[in-house]
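# Geometric and topological summary
Given next are the chains, with one letter for each unit.
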Amino acid sequence: MSESDTIPLHQRSSQSDIDEIENLINVSVQPATPPPSSAPVLPARPPSPPRASIPVSSSPFPPPKVTPVSTGASSNARSNIAATGFGSASTTLTEPVWETVKRDLMRIVSNLKLVVFPNPYREDPGKALRDWDLWGPFFFIIFLGLALSWSATIDKSKVFAVAFAVLAAGAVVLTLNVLLLGGHIIFFQSLSLLGYCLFPLDVGAVVCMLKSNVIIKIIVVLITLAWSSWAAYPFMSAAVGPSRKGLALYPVFLLYISVGFLIFAIN
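### A closer look at the overall build of the chain
- The helix and strand tally for the chain stands at 10 helices and 0 strands.
- Along the chain direction, N to C, the helices and strands of the chain fall in the order α-α-α-α-α-α-α-α-α-α.
- In the chain, which comprises 267 residues, the share counted as buried stands at 27%.
- Approximately 18900 Å² of the chain is accessible, and the part contributed by carbon and sulfur atoms is 68%.

The following block contains the structure:
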């Protein structure tokens, strides 16, 4: 066998390798076909019906619940409102006049006891005149003016006018004096206090109007003057500082001395 008749094996193997590579390239270049799916095809879903709209409120609080009221309940409510004013408990605007007068008289008596008569609360101004009023001082000033005018023989109206002006203006001036001295007291409370302290002088004016003896008049005026000053002392002295007590008390004593002199001179 000659050399021309033999075929080299390495040429065939190389040719087959080239063919395999070309086949792989062709397979990779071709588009991949999806495998057949065995799942059934579902029909298209119909559109969902429109939802109901929900109202949205801008207020953070829930709306109030309205409870229907029957006709009988509404008529009862109207009758209650008509009987008690505005539906609440009765106030001083709807009470009888006698109840108002009785309540004011009881307050005057209570304040008179706390201010004028000896009691354990006289040394505490906060407890003595916490529930102050102006009806009592107004009554005592009017009564003292009337007592002095009844005792006068001439110009009774002028005597009443002078007495009323002196007492009213004096109480206002004394109150302003205490406030200017740095006193810790309410303006109207001070007026109420000075007016209640006139009660002993009212008693002295009545006694001097009934008695004509000069000695008895002097004794009565001195006793009532000391009583009024004693009644005003703890309240006025407690309203100012210790270094200003004399400046606050001296005008008070001066006012009561002037009233006592009017009682003695006119009678």
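And the narrative resumes.
### Details of helix α5 (residues 135-151)
- The end-to-end C-alpha distance of α5 is 24 Å, a good match for the 24 Å that 17 residues give at a rise of 1.5 Å each.
- Those residues of α5 that sit buried are Gly 136, Pro 137, Phe 140, Ile 141, Leu 144, Gly 145, Ala 147, Leu 148, Ser 149 and Ser 151.
- In this fold, the buried residues of α5 make contact with α3 (97-115), α6 (156-180), α7 (187-196), α8 (199-210) and α10 (245-266).

### Here's the deal with the layout of surface pockets
- The calculated volume of the largest pocket comes to roughly 220 Å³.
- The wall of the largest pocket is formed by 14 residues, among which Pro 137, Ile 141, Ala 168, Ala 171 and Leu 191 lie closest to the centre.
- Those elements giving two or more residues to the lining of the largest pocket turn out to be α5, α6 and α7.
- In terms of residue count, α6 provides more of the lining of the largest pocket than any other element does, 5 residues in total.
- Each residue belonging to the lining of the largest pocket can be placed in one class, and the counts come to 13 nonpolar, 1 polar and no charged.

### Points about the nonpolar core
- Counting residues in hydrophobic clusters, the biggest one holds 44 residues, and the most contacted among them are Met 236, Tyr 256 and Ile 263.
- In terms of residue count, the dominant contributor to this core is helix α9 (residues 214-239) (8 residues).
- The residues touching Ile 263, leaving out its near neighbours within four places in the chain, are Leu 144, Leu 148, Leu 201, Gly 204, Ala 205, Cys 208 and Val 221.

Conventions adopted
- Residue numbers here run from 1 along each chain, matching the order of that chain's written sequence.
- Under the rules for a predicted model, residues below a pLDDT of 70 receive no local features and side-chain atom pairs below 80 are neither given nor counted, while totals for whole chains, interfaces and linings still include all residues.
- Values shown for side chains rest on all heavy atoms present in the structure; no hydrogens or waters enter the calculation.
- By definition, any uninterrupted DSSP run of H or I lasting at least four residues is a helix, any uninterrupted run of E lasting at least two residues is a strand, and each is numbered from the N terminus.
- Burial here depends on accessible area, computed with a 1.4 Å probe over protein chains only, as a share of the maximum for the residue type. Under 20% is buried, over 50% is exposed, and the range in between is partly exposed.
- Methods summary: accessible areas were calculated by the Shrake-Rupley approach with a probe of 1.4 Å, and residue burial reflects only the protein chains presented.
- The length a helix should cover is 1.5 Å for every residue beyond the first.
- Contacts are assigned to residue pairs with any non-hydrogen atoms lying within 4.5 Å of each other.
- A 1.4 Å probe that fits but cannot get out identifies a cavity on a 1 Å grid over protein atoms alone, an open set with protein on both sides within 12 Å along at least five of seven lines counts as a pocket, and a residue lines either if it has an atom within 4 Å of a point.
- Grid points are joined across faces, edges and corners, and a volume is the space filled by probe spheres set on the points.
- In this classification, the charged set is Asp, Glu, Lys and Arg, the nonpolar set is Ala, Val, Leu, Ile, Met, Phe, Trp, Tyr, Cys and Pro, and all remaining amino acids, among them Gly, are polar.
- Definition of nonpolar core: a set of buried residues of the types Ala, Val, Leu, Ile, Met, Phe, Trp, Tyr and Cys, connected through side-chain atoms within 4.5 Å.

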